[in-house]
Amino acid sequence: MNLHGIVHSAIGAVNPHVAATMKVSTGSITNPDGSRTPTYTIVTGDAQVQPLTFKDLTQVDGLNLNGGARAIYFFGVFNGVVRPAQKGGDTIALTDGPNVGTWLIVQVLEQWSGWCKVAVVLQNS
């Protein structure tokens, strides 16, 4: 059962959804000089940005997060770094509201069928 889908519109009435553009890592390519260039797939959708809860802060304790950090809920499956798959660095660009900027996913806090909650850190504003 997709609980996030059920409460999506009710949450949006209290905390408006914002348009988001996600760059999902698909790995990297090796250049002729041996350097690597990351590759991405672009996904757009609505995001629900919230502050990190005490439980979230406990979960990311030890990651040495600096600067602005938030929790973002959205439909889809996104990741932080996945070393065995040589993927990582998914980012979320928010262009509206108080959280404008590019946010890096540092940890997946919850992942369910069709939606996830991630901890993000602001990369630029």
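Structure: see above.
Residues numbered from 1 in each chain as written. Predicted model: local features only at pLDDT ≥ 70, side-chain atom pairs only at ≥ 80, totals over all residues. Heavy atoms only, no water.

### Concerning the nonpolar core
Nonpolar side chains in soluble globular proteins tend to end up buried together.
Reasoning step 1: One finds Ile-72, Phe-74, Ile-92, Leu-94 and Val-118 to be the most contacted residues of the largest nonpolar core, which totals 16 residues.
Reasoning step 2: Of all the secondary-structure elements, those providing two or more residues to this core are strand 1 (18-30), strand 2 (36-50), strand 3 (69-75), strand 4 (91-94), strand 5 (101-112) and strand 6 (115-124).
Reasoning step 3: Among the elements that line this core, the one with the most residues is strand 1, at 4 residues.
Reasoning step 4: Among residues more than four places away in sequence, those in contact with Leu-94 are Val-18, Ala-19, Ala-20, Ala-47, Val-49, Ile-72, Asn-99, Val-100, Gly-101 and Trp-103. (Core = buried A, V, L, I, M, F, W, Y, C linked by side-chain atoms within 4.5 Å. Buried < 20%, exposed > 50% of the residue type's maximum accessible area, 1.4 Å probe, protein only. Helix = DSSP H or I, 4+ residues; strand = E, 2+ residues; numbered from the N terminus. Contact = heavy atoms within 4.5 Å.)

### Notes on the packing of aromatic side chains
Reasoning step 1: Enumeration over the complete set of coordinates arrives at 2 aromatic pairs.
Reasoning step 2: A connected cluster of aromatic rings, assembled from ring pairs, spans Tyr-73, Trp-112 and Trp-115.
Reasoning step 3: Above the plane of the ring of Tyr-40 lies Lys-23, whose end atom (NZ or CZ) is 4.5 Å from the centre. (Phe/Tyr/Trp six-rings, centres within 6.5 Å; stacked < 30°, edge-to-face > 60°. Lys NZ or Arg CZ within 6 Å of the ring centre and 35° of its normal.)

### Things to note about the sheet that holds strand 6
Reasoning step 1: Spatially, the 6 strands close up into a barrel ordered 1-2-3-6-5-4, and their pairing is antiparallel. Looking at each pair of strands side by side, their axes are set apart by 45° on average, direction ignored.
Reasoning step 2: Alignment of strand 5 against strand 6, held across 9 bridges, turns out to be antiparallel. By the bridge assignment, Trp-103 is partnered in strand 6 with Leu-122. (Pairing = 2+ DSSP bridges. Axes fitted to C-alpha atoms, helices over the stretch in contact; angles between N-to-C directions.)

### A look at the side chain of Asp-90
Reasoning step 1: Locating Asp-90 in the fold gives a position in the loop between strand 3 and strand 4.
Reasoning step 2: Taking relative accessible area as the criterion, Asp-90 reaches 3% and is therefore assigned buried.
Reasoning step 3: A polar atom in the side chain of Asp-90 sits 2.7 Å from the backbone nitrogen of Ser-25.
Reasoning step 4: Discounting residues that sit within four places of it in the chain, Asp-90 has contacts with Lys-23, Val-24, Ser-25, Phe-78, Asn-79, Trp-103, Leu-104 and Ile-105. (Polar contact = N/O pair within 3.5 Å; in protein donor to acceptor, adjacent residues only side chain to side chain.)

### Observations concerning the environment of Val-118
Reasoning step 1: By secondary structure assignment, the location of Val-118 is in strand 6.
Reasoning step 2: Through-space distance from the C-alpha of Val-118 to that of Asp-56 is 9.4 Å; in sequence the pair is 62 residues apart.
Reasoning step 3: Ignoring sequence-local partners within four residues, the contact set of Val-118 consists of Arg-70, Ala-71, Ile-72, Phe-74, Ile-92, Ile-105, Gln-107, Val-108 and Leu-109.

### Here's the deal with the pairing of strand 6
Reasoning step 1: Extensive coverage of strand 6 is indicated by the burial of 7 of its 10 residues.
Reasoning step 2: The sheet contact formed by strand 3 and strand 6 spans 7 bridges and is antiparallel. Within the sheet, the bridge partner assigned to Phe-74 lies in strand 6 and is Cys-116.
Reasoning step 3: Counted between consecutive antiparallel strands, the loop separating strand 5 from strand 6 contains 2 residues, among which Gly-114 sits at a positive phi close to 95°.

### Here's the deal with the side chain of Ser-25
Reasoning step 1: Its location among the elements puts Ser-25 in strand 1.
Reasoning step 2: Classification of Ser-25 as buried rests on a relative accessible area of 7%.
Reasoning step 3: In terms of polar contacts, Ser-25 uses its side chain to reach the backbone amide nitrogen of Gly-27, at 3.3 Å.
Reasoning step 4: Once residues lying within four places of it in the same chain are set aside, the contact partners of Ser-25 are Thr-39, Tyr-40, Lys-87, Gly-88 and Asp-90.

Keep in mind these numbers describe shape, not what the thing actually does.
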